[in-house]
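What follows is each chain in one-letter form.
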Amino acid sequence: EPDRNVEQRLKDFFTNFETSYANIGKCRLDRYELNHSKKALHVYANANFGYQPFTPENTEAIYRLLKQSLPGPVNYYDITIYADGKPIEELIPNILQKKQDKSRLWQRIDYKGAPWVQNMSRPYLASKGLEGRHIALWQSHGKYYKNNKGSWEWQRPRLFCTTEDLFTQSFVVPYIIPMLENAGAVVYTPRERDRQRNEVIVDNNTVTGKSIYLEEKSRKGKWKTSPLPGFARKRSVYTDGQNPFRDGTARFAATEKKPEKAFAQWIPDIPETGKYAVYVSYQTLPGSVSDAKYLVFHKGGVTEFKVNQQMGGGTWVYLGTFEFDKGTNDYGMVVLSNESKQKGVVCADAVRFGGGMGNIARGGQTSGLPRYLEGARYFAQWAGMPYPVYGGYEGKNDMNDDINVRSRTVNYLAGKSLFNPTEEGLGIPFEMSMALHSDAGFSKEDEIIGTLGIYTTNFNNGRLHAGTDRHASRDLSDILLTQLQRDIRSTFNVDWTRRSLWNRNYSETRLPAVPSTIVELLSHQNFADMRLGHDPNFKFTVGRALYKAILQYICSQHGRDYVVQPLPVSHFAIRFGQKKNTLELSWQGEEDPLEPTAKPREYIVYTRIGRGGFDNGVRVSSPSHTVKIEPGIVYSFKVTA
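Just so we're clear, the structure is a prediction, and the values are computed from it rather than from any experiment.

A.B. asks: So what about the overall build of the protein? Which residues, and what values?
C.D. replies: Of regular secondary structure, the protein possesses 11 helices and 33 strands. Summarising its shape, the C-alpha atoms of the protein cover approximately 90 × 65 × 50 Å along the three principal directions. Put simply, 73% of the contacts in the protein that link residues at least 6 apart link residues at least 24 apart.

Have a look at this one:
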């Protein structure tokens, strides 16, 4: 009966298995295959065993402990432990592997072209960061139309001064997105990101108020109407299936190498002074260039963008958020020129200023809320997505549509790119997606629930759309959870728990064409978690941990080194200078004990004069800077490392 003995010991090993790395629930033996002639033992553990993070150290320890618990001669056999469909040593994330699993890496797949959008006025490039990498992420839910009740509802309960629909935004929009953008990434979110309730659209077809759309032509650059339909705002309210990007026309002109001669100008009639996100739109035409030059004139000056019009035609393309004064002003507008290094065409369609109010009617009524509080389903319609992207349930189940639309929007935008070659779409090379939620479970005790990670491998024969192994998503999830736990523990002196790595069938991890994960950051149902969750320092730490994990993941996928952005500066002071009418600014760069690469080397000083906006910043190499000032004017300064 030696095999019976082996079986009992295997059962005992898994039943008694505990790990300090994560809360994974009860482990047990699923089955085993013992082959005496080949001297091999294959052990299959249950799903829970695969919920833990595997590292080279703990994997070695698990094998050692299992061998010690088995009787001879079996303990000398070739033993392999399987969990989550793979030998556990293959579940170690690639970033920790000596010999990397190429099937989970992009390998030769890499986007070498011009980014979708590039801010040419930013005073630095993050070449060892995320420069030109395209990332999709979103903040869980939003208000939606509950079809069976005929009313607009939040998707999650109101608890601890918030609801998940609002709470996850407070991490994603002010912290995570700017950190990724500061590292050079192009970030797309399938929900409105701008809190501004006003919205002004200037378009070649329709303008509102005193807004103006102007064209200046040149000998070569004459504006003509594009063969493809474009945006027009024909209605104030849209019903299911109506697409504003099919209602109008767009304009295009031939490019010139010399300084620009032909222009399109969008001058908005701004209803009240404030910050407005600026979105442009265009059609991708056969001759579209990858360096269309846009200038945004705002209260802080002029910011130049290059937009790759060879991708992303027929939707809203976010440039940045800027301060604008009330009314129409020559220092408040967007200009597209026909100057390009390439021979081809630039296309001009609508420009949108501000997030605006929800304008999609369901059951005869709009939500009555600003668009940023609504679910992604309604933003997708406003952003020109084809009906199947947001209306899979044909208008009968907005809740399910809203869950699916986040991934489907990203897939449609990424379609025909090298990371999603099999689907039709707009060619934007997104290489990962992340959903941030706050529903990580509950407990009757007042203990921290902590973070849960979710990914899906059992779909499309275990492959992503570019042929990569879907376990690339487990790597992503694992790195995010590891970084969150490490940074929260070391910053807040709390025993932040790590929950399971779930391989489950969730829409937001099954549908994306690229590596994707849901991070259930904490439990919004639990006081111990939420006591931290509302602290802005906690939001900053979480944002930075997620940014660092995404940086590590994307660089490891391409086999590249990375450098982490430095922490904010401290000891910022202003003194009047020795010379008349000068100010001396000084500050200290901060070392980051968690990140050896995050050393501040240079700094950007941003200036605001009077009631203007901040400028594009100047780069300085030491922690001090002298500026000339005019008497009687208020100056403001910001410094980043």
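Having seen it, we continue.
A.B. asks: Quick one: what's the story with the side chain of Ser 570, residue by residue and with numbers?
C.D. replies: Structurally, the position occupied by Ser 570 is in strand 28 (residues 570-576). On the accessibility criterion, Ser 570 (17% relative accessible area) is buried. Reaching out from Ser 570, the side chain makes a polar contact with the side chain of Glu 590 at a distance of 2.6 Å. The residues touching Ser 570, leaving out its near neighbours within four places in the chain, are Trp 587, Gln 588 and Glu 590.

A.B. asks: An account of unusual backbone geometry is needed here, citing residue identities and associated values.
C.D. replies: Gly 72 connects to Pro 73 through a cis peptide bond whose omega is -5°. The residue Pro 73 is located in the loop between helix 2 (56-69) and strand 3 (78-83) in this model. Backbone geometry places Phe 160, a non-glycine residue, at a positive phi of 50°. Tracing the backbone through its elements, the reader meets Phe 160 in the loop between strand 9 (158-159) and strand 10 (162-163). Judged by its relative accessible area of 31%, Phe 160 falls in the partly exposed class. In this structure, Asn 581 takes a positive phi of about 55° despite not being glycine. Residue position: Asn 581 is located in the loop between strand 28 and strand 29 (582-588). Note on Asn 581: relative accessible area 35%, which makes it partly exposed.

A.B. asks: Could you give me a rundown of the pairing of strand 2 (residues 40-45), with the residues and numbers involved?
C.D. replies: Strand 2 sits mainly inside the fold: 5 of its 6 residues count as buried. Sheet topology note: the strand 1 (residues 29-35)/strand 2 ladder contains 6 bridges and is antiparallel. Bridged to Leu 34 within strand 2 is Leu 41. Where strand 1 folds back on strand 2, the antiparallel hairpin that results is connected by 4 residues, among which Lys 39 adopts a positive phi of roughly 50°. Bridge count for strand 2 against strand 3 is 5 bridges, and the pairing is parallel. In the strand pairing of strand 3, Val 43 is matched with Ile 81. Crossover strand 2 to strand 3 through helix 2 is right-handed.

A.B. asks: A description of the sheet that holds strand 25 (residues 451-455) should follow, citing residues and the corresponding values.
C.D. replies: With respect to topology, 6 strands assemble into an open sheet ordered 11-6-24-27-25-26, the strand pairing being mixed. Pairing within the sheet leaves two strands with one partner each, and these edge strands are strand 11 (186-188) and strand 26 (498-503). Each neighbouring strand pair of the sheet contributes to a mean axis angle of 20°, computed without reference to strand direction. With 5 bridges connecting them, strand 6 (residues 134-139) and strand 24 (residues 430-437) associate as parallel partners. Paired with Trp 138 across the two strands is Ala 435, which belongs to strand 24. The strands that helix 11 (residues 536-557) touches are strand 6 and strand 24; relative to strand 24, the one it contacts most, it runs at about 155°.

A.B. asks: If you had to explain the packing of aromatic side chains to someone new, which residues and values would you point to?
C.D. replies: Aromatic ring pairs: the centre-centre distance and the angle between the two ring planes describe each pair. In the structure shown here, the tally under the stated rule is 33 aromatic pairs. Measuring from centroid to centroid gives 6.1 Å for Trp 316 and Trp 382, while their planes differ by 45°, and the two rings are tilted. One end of the pair, Trp 316, is in the loop between strand 19 (301-307) and strand 20 (317-324); the other, Trp 382, is in helix 5 (residues 376-382), with 66 residues separating them in the sequence. Trp 382 matches Trp 316 in its accessibility class, with the two residues each being buried. One aromatic cluster is present, formed by Phe 13, Phe 14, Phe 17, Phe 49 and Phe 54 through successive ring pairs. Taking the ring centre of Tyr 279 as reference, the NZ or CZ of Arg 352 above it sits at 4.1 Å.

Criteria and thresholds
Residues numbered from 1 in each chain as written. Predicted model: local features only at pLDDT ≥ 70, side-chain atom pairs only at ≥ 80, totals over all residues. Heavy atoms only, no water. Helix = DSSP H or I, 4+ residues; strand = E, 2+ residues; numbered from the N terminus. Contact = heavy atoms within 4.5 Å. Buried < 20%, exposed > 50% of the residue type's maximum accessible area, 1.4 Å probe, protein only. Polar contact = N/O pair within 3.5 Å; in protein donor to acceptor, adjacent residues only side chain to side chain. Pairing = 2+ DSSP bridges. Right-handed = clockwise from strand over helix to strand, strands pointing away. Axes fitted to C-alpha atoms, helices over the stretch in contact; angles between N-to-C directions. Phe/Tyr/Trp six-rings, centres within 6.5 Å; stacked < 30°, edge-to-face > 60°. Lys NZ or Arg CZ within 6 Å of the ring centre and 35° of its normal.

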